[in-house]
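Geometric and topological summary
Here is how the chains run, residue by residue.
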Amino acid sequence: EVRLVESGGGLVKPGGSLRLSCAASGFAFKSYTFNWVRQFPGRGLECVSSLSPSNSYIYYSDSVKGRFTTTRDNTNNSVYLQMDSLRPDDTAIYYCVRQVISGSGMDVWGQGTWVTVSS
Amino acid sequence: QSALTQPAAVSGSLGQSITMSCTGSTRAIGSYDIVSWYHQVPDRAPKLLIYEVNKRPSGVSDRFSGSKSGNTASLTITGLQADDEGDYYCCSRKVFGGGTKLTVL
């Protein structure tokens, strides 16, 4: 079964850090681009990062550039999102999402992990 | 990152067809065939319906189809069913639209 499972979310104070992990299984991990997509409490979606198979392409949205870092471990079939200098408006569900191979859609989504930034 | 505009809500009756739009700039939609569409129901992750304007992943019903004209992409659903209700999002160049809530009457 193709699966993505996120972990690492939680409650953190403004200015703090969190590291999200995404464990992949059931497919050839190293061939795919992975995205982190967040959904705000008001339901809007934002793609915050994207990382290609060989790390040759990395994308960050303007709202997280310089604060978030995405990495991958092709040996352990995992993707990570290091989030620093967190702000209350980073509060959201964070989804790990696989991109269609050689394409632009996002075809496999994890169950999501909540990140709450509050004092 | 350019914005994509979707109507807040659309509705249709069981069995009917509806079309919803996603409008952006030439840079966001007009120059690229990379628009995708997602369906989300409460407490679930979004599900991919259409990618690259009009391609359906395996397992997605052929009642769903996508198209594009100029800077506007469209999603058409034929033979509306009760479980088509929910939120629909378009996406292009890593930017999502604000979503359209579909109500099936």
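Refer to the structure above for everything that follows.
In short, a report on the structure. All values reported here derive from a predicted model rather than from experimental measurement.

Thresholds, definitions, all that
Residues numbered from 1 in each chain as written. Chains lettered and ligands numbered in written order. Predicted model: local features only at pLDDT ≥ 70, side-chain atom pairs only at ≥ 80, totals over all residues. Heavy atoms only, no water. Helix = DSSP H or I, 4+ residues; strand = E, 2+ residues; numbered from the N terminus. Rg over C-alpha atoms; globule rule 2.2 N^0.38 Å. Buried < 20%, exposed > 50% of the residue type's maximum accessible area, 1.4 Å probe, protein only. Contact = heavy atoms within 4.5 Å. Areas by Shrake-Rupley, 256 points an atom, 1.4 Å probe, with all protein chains shown as cover. Lys, Arg positive; Asp, Glu negative; His and termini not counted. Charge placed at Lys NZ, Arg CZ, Asp CG, Glu CD. Phe/Tyr/Trp six-rings, centres within 6.5 Å; stacked < 30°, edge-to-face > 60°. Buried area = accessible area lost by both parts, 1.4 Å probe. Salt bridge = Lys/Arg side-chain N within 4 Å of Asp/Glu carboxyl O. Polar contact = N/O pair within 3.5 Å; in protein donor to acceptor, adjacent residues only side chain to side chain.

Considerations on the overall build of chain B
When its secondary structure is counted, chain B shows one helix and nine strands. Along its sequence from the N terminus, chain B presents helices and strands in the succession β-β-α-β-β-β-β-β-β-β. Taking 13 Å as the expected radius of gyration for a compact globule of 105 residues, we find that chain B reaches 13 Å, a close match to that expectation. Reported as C-alpha extents along the three principal axes, the dimensions of chain B are approximately 35 × 25 × 25 Å. Going through the 105 residues of chain B one by one, you find that 47% of them count as buried. Excluding contacts between residues fewer than 6 apart, the proportion of contacts in chain B whose partners are at least 24 apart in sequence is 55%. On chain B, roughly 4,800 Å² of surface is accessible, and the fraction owed to carbon and sulfur atoms is 47%. Separation of charge centres in chain B, based on 10 positive and 8 negative side chains, amounts to 9 Å.

With respect to the packing of aromatic side chains
Two measures describe an aromatic ring pair: the distance that separates the ring centres and the angle between the ring planes. Residue and element names in this part refer to chain A. Throughout the structure, instances matching the rule amount to six aromatic pairs over all chains. For the pair Phe27 and Tyr32, a centre-to-centre distance of 5.3 Å together with 85 degrees between the ring planes defines the contact as edge-to-face. Taken together, a centroid distance of 4.8 Å and an interplanar angle of 25 degrees make the contact between Phe29 and Phe34 stacked. For Phe34, a relative accessible area of 1% puts it in the buried group.

Quick notes on the interface of chain A and chain B
Taken together, the contact pairs 24 residues of chain A with 21 residues of chain B. With both chains or domains summed, chain A and chain B bury close to 1,700 Å², and 53% of this area falls on carbon and sulfur atoms. Along the contact surface separating chain A from chain B lie one salt bridge. With a shortest N-O distance of 2.8 Å, Arg43 of chain A and Asp87 of chain B are connected by a salt bridge. Applying the counting criterion to the chain A and chain B interface returns ten residue pairs in polar contact (both at pLDDT 80 or more). Elements represented by at least two residues in the side of chain A that touches chain B include exactly strand S4 (34–39), strand S5 (45–51), strand S6 (58–60), strand S9 (92–99) and strand S10 (106–109) of chain A.

Keep in mind that these numbers describe shape and distance, not what the molecule does.
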